[in-house]
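# Structural overview
Each chain, letter by letter, is given below.
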Amino acid sequence: MQMNAQEITELLEKQLKDLHFKPEKVGIGTIVSLGDGVAQVSGLEDVKMGEMVEFPGGIYGMAINLSHDTVGCILFDQGGTLKEGDTAKSTGRVMEVPVGPELTGRVVNALGQPIDGKGAINTKKFAPIEHKAEGVIHRKSVGVPLQTGIKAIDAMIPIGRGQRELIIGDRQLGKTAIAIDTIINQKGLGVQCFYVAIGQKQSTVAGIVKKLEEYGAMEYTTVVVGTSSDAAALNFIAPYAGCAMAEDVMYAGKDALIIYDDLTKHAWAYREVSLLLRRPPGREAYPGDVFYLHSRLLERASRLSDDIGGGSMTALPIIETQANDVSAYIPTNVISITDGQLFLESSMFYSGKRPAVNPGISVSRVGGSAQIPVMKKVAGNLRLSLAQFRELESFAQIGSDLDPQTKAAIHRGQRVVEVLKQPQYRPIPVAKQIVIIYAVNAGVLDSIELSQVADFESKLYNFLDAKYKDLQESLVTSKKLTPELEEQLKKVLAEFKDGFSK
Ligand SMILES: Nc1ncnc2c1ncn2[C@@H]1O[C@H](COP(=O)(O)OP(=O)(O)OP(=O)(O)O)[C@@H](O)[C@H]1O
Ligand SMILES: [Mg+2]
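The end-to-end C-alpha distance of helix 1 (residues 5–17) is 18 Å, a good match for the 18 Å that 13 residues give at a rise of 1.5 Å each. The element helix 1 is largely exposed, with a buried count of zero among its 13 residues.

This part covers the packing of helix 5 (residues 232–251) against helix 7 (residues 290–298). The relative placement of two packed helices comes down to the angle between their axes together with the axis-to-axis distance. Viewed as axis vectors pointing N to C, helix 5 and helix 7 meet at an angle of 15 degrees, and their least axial separation amounts to 10 Å. Our classification of the angle between helix 5 and helix 7 gives roughly parallel. Read as a crossing pair, helix 5 and helix 7 show a hand that is left-handed. Here Phe236, Pro239, Tyr240 and Cys243 of helix 5 come into contact with helix 7, specifically with Leu293, Arg296 and Leu297.

Take the sheet that holds strand 6 (residues 87–94) next. Picture the strands of a sheet paired through backbone hydrogen bonds; they go either parallel or antiparallel. Strand order in the closed barrel formed by six strands is 1-2-5-4-3-6, and the pairing between neighbours is antiparallel. Direction aside, neighbouring strands of the sheet carry axes that sit 45 degrees apart on average. Relative to strand 5 (residues 70–75), strand 4 (residues 59–66) runs antiparallel, the two sharing five bridges. The partner of Asn65 across the bridge, within strand 5, is Gly72.

The subject of this paragraph is the domain arrangement of the protein chain. The parts lose accessible area when they come together, and the size of an interface is often stated as this lost area. Partitioning the protein chain into domains gives domain 1 (28–94), domain 2 (98–371) and domain 3 (378–501). On a C-alpha basis, the centroid separation for the pair domain 2 and domain 3 is 31 Å. Between domain 2 and domain 3, the contact holds 28 residues from the first and 22 residues from the second. Carbon and sulfur atoms make up 57% of the surface buried where domain 2 meets domain 3, a total of about 1,900 Å² over both sides. Looking only at domain 2, the three residues that lose the most surface to domain 3 are Lys151, Met156 and Asp181, adding up to 35% of its buried area. Inspection of the region where domain 2 meets domain 3 yields one salt bridge. A salt bridge links Glu457 to Lys151, with the shortest nitrogen-to-oxygen separation between them at 2.4 Å. At the surface where domain 2 touches domain 3, the tally comes to twelve residue pairs in polar contact (both at pLDDT 80 or more).

Let's shift gears to the site of ligand 1. Near ligand 1 lie 14 residues; those nearest to it are Gln172, Lys175, Thr176, Ala177 and Gln424. Here Lys175 contributes a side-chain N or O atom positioned 2.7 Å from an oxygen atom of ligand 1. Residues lining the shell around ligand 1 come from more than one domain, with at least three contributed by each of domain 2 (98–371) and domain 3 (378–501).

Reading across the sheet, the eight strands line up as 8-12-11-13-14-10-15-16 and stay open at both edges, with mixed pairing between neighbours. In this open sheet, the two edge strands, each paired with only one partner strand, are strand 8 (107–109) and strand 16 (363–364). Bridge count between strand 10 (residues 166–169) and strand 15 (residues 340–343): three bridges; the pairing is parallel. Bridge pairing in strand 15 links Ile167 to Leu342.

Running from N to C, helix 11 (residues 382–398) and helix 12 (residues 404–420) point in directions that differ by 120 degrees, and their axes come no closer than 9 Å. In terms of axis orientation, helix 11 runs oblique to helix 12. Seen from above, helix 11 lies across helix 12 with left-handed handedness. Two secondary-structure elements touch here, helix 11 through Leu382, Leu386, Phe389, Leu392 and Ala396 and helix 12 through Thr406, Ala409, Ile410, Gly413, Gln414, Val416, Val417 and Leu420. Here the residues of the contact of helix 11 with helix 12 are counted per class, giving ten nonpolar, three polar and no charged.

Okay, unusual backbone geometry next. Glycine aside, the phi torsion of most residues is negative, and most peptide linkages are trans. Here the bond from Asp261 into Asp262 is cis, since omega is 0 degrees, no more than 30 degrees from zero. Here Asp262 is to be found in the loop between strand 13 (255–261) and helix 6 (263–276). The step from Arg354 to Pro355 runs through a cis peptide bond, and the omega angle for that step is -5 degrees. By the element assignment, Pro355 lies in the loop between helix 9 (346–350) and strand 16.

Taken together, the side chains of Met3, Ile8, Leu11 and Leu12 make up a nonpolar region of the molecular surface, amounting to roughly 370 Å² of accessible area. Of note, Met3 is situated in the segment before helix 1.

Here the structure, examined in full by the defined rule, presents 23 salt bridges. The closest approach of N and O atoms between Arg279 and Asp289, which form a salt bridge, is 3.6 Å. In this pair, Arg279 sits in the loop between helix 6 and helix 7 while Asp289 sits in the loop between helix 6 and helix 7, placing the two residues ten residues apart along the sequence. In this structure Arg279 comes out as buried when scored by relative accessible area, which is 15%. According to the relative accessible area criterion, Asp289 is partly exposed, its value standing at 28%. The partner of Lys467 in a salt bridge is Glu495, with the nearest N and O atoms 2.5 Å apart. Of the two residues, Lys467 is situated in helix 14 (residues 453–467) and Glu495 in helix 16 (residues 483–501); the sequence distance between them amounts to 28 residues. Exposure remark for Lys467: the relative accessible area of 47% places this residue in the partly exposed category.

About the criteria used
- Residues numbered from 1 in each chain as written.
- Chains lettered and ligands numbered in written order.
- Predicted model: local features only at pLDDT ≥ 70, side-chain atom pairs only at ≥ 80, totals over all residues.
- Heavy atoms only, no water.
- Helix = DSSP H or I, 4+ residues; strand = E, 2+ residues; numbered from the N terminus.
- Expected span 1.5 Å × (residues − 1).
- Buried < 20%, exposed > 50% of the residue type's maximum accessible area, 1.4 Å probe, protein only.
- Axes fitted to C-alpha atoms, helices over the stretch in contact; angles between N-to-C directions.
- Parallel < 35°, antiparallel > 145°, perpendicular 65-115°, else oblique.
- Left-handed = near helix turned anticlockwise from the far one by under 90°.
- Contact = heavy atoms within 4.5 Å.
- Pairing = 2+ DSSP bridges.
- Domains from an automatic or database assignment.
- Buried area = accessible area lost by both parts, 1.4 Å probe.
- Salt bridge = Lys/Arg side-chain N within 4 Å of Asp/Glu carboxyl O.
- Polar contact = N/O pair within 3.5 Å; in protein donor to acceptor, adjacent residues only side chain to side chain.
- Near = heavy atom within 4 Å.
- Nonpolar A, V, L, I, M, F, W, Y, C, P; charged D, E, K, R; others polar.
- Patch = residues over 30% accessible without salt bridge, like charges linked within 9 Å, V, L, I, M, F, W, Y side chains within 5 Å.
- Areas by Shrake-Rupley, 256 points an atom, 1.4 Å probe, with all protein chains shown as cover.

As structure tokens, this is what we get:
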């Protein structure tokens, strides 16, 4: 076939006319230096703070240091396949994680990818991990209780939905146990739970997931995992990722509970990446913005006002102290950000008073207004009488000649302490808590041997379930402890004790 020049030009012109180029701007840079889990990249001029950066081999990072000529990125990978001179592409997207109901019952990593071997999670929505906390106008004060199911806490240090209550104490004193029991207790209470593990051993996390499954708590729980073998960057973003997932529940007008276990290790992960990025170290070698690291996270927990749905996010951050030193840098920071703290004490734990929450120095600054009215009345002077008992107890150790009044107070105090003990994985509904606390305050247990208190308690609960479901109901719903209600309580307790003593 012959073609002349004319035809060729026409053909070319036609083809070019149909060609539409869409200009696209992609930031391309080069890795100039690599450290343990961090990379310095030059040439990425338009990258935003918190933007995802793509590296060869499907490795992602996040820009967290924007300086004059380079961008400091943390890498979500420890593989070490990258090398200096590799290209880096900006993505234009700030770091996001999947959110939505599809995550319920799943175990995911800090990027929201499933790690439980139960297949892909087909979420329809993504949310940025960093989000500005809701302003004061759209917040409401805390008014609905968040029942932990733990007597010592619900009675004396009550927590409300939307509150931030710190769990603080040395290692191995039952900090995680309180958090897990609280999750287990949310069954049927309409609270969606999120447990964020930060820098923990994989085996520990696996154990926790197993327990949650065993108690049927995974049905309403998502576990976000950062382990000690993951890149520091993943441990650093894990709480923000979990927070974004819980926030989605809150903005849908529902109630969420999130546990950060623990923020000490979170601060360590942040210190690690900050030092690698050569940020100037400050006190205890933490970077200067370590306070903001936790305040911007915990401020996102709130109770929203009704005009934006009225949802809530309750946060229970955990801090591990060294030798009960709560005045160290990170503990004091987090204490000042939260609305109260549960102090766990080693002397209590080792003398068998578990959960080892010290009611003398633990506080809940806002939860009192959310406490169930009858509980508030019944448990009103529990703290005071416990404090008095502690004082008397030390007297009793010195001399044996005590007046009858002091003796009686000690006798009562010992029973109160016994009643506040509670085994792990056994949260108790609030109605039953009210009955037992009322009983011990009213002296019903005075004639019971100390060793029999636990038996008395569990039999009492069975008795209540078998015969007095309606009383339990009215204890929770009643606006106050009416004389009739109190009369009924007394009668029920007398009836039970009669049967118990026989
Ligand atoms: N109420 C309780 N009654 C009896 N044993 C308990 C109770 N709470 C916790 N324990 C036990 O105490 C030990 C420590 O508990 P847990 O792991 O919750 O502590 P932790 O403070 O989170 O520890 P770590 O510092 O290692 O994270 C566990 O063996 C647990 O079974
Ligand atoms: Mg723990």
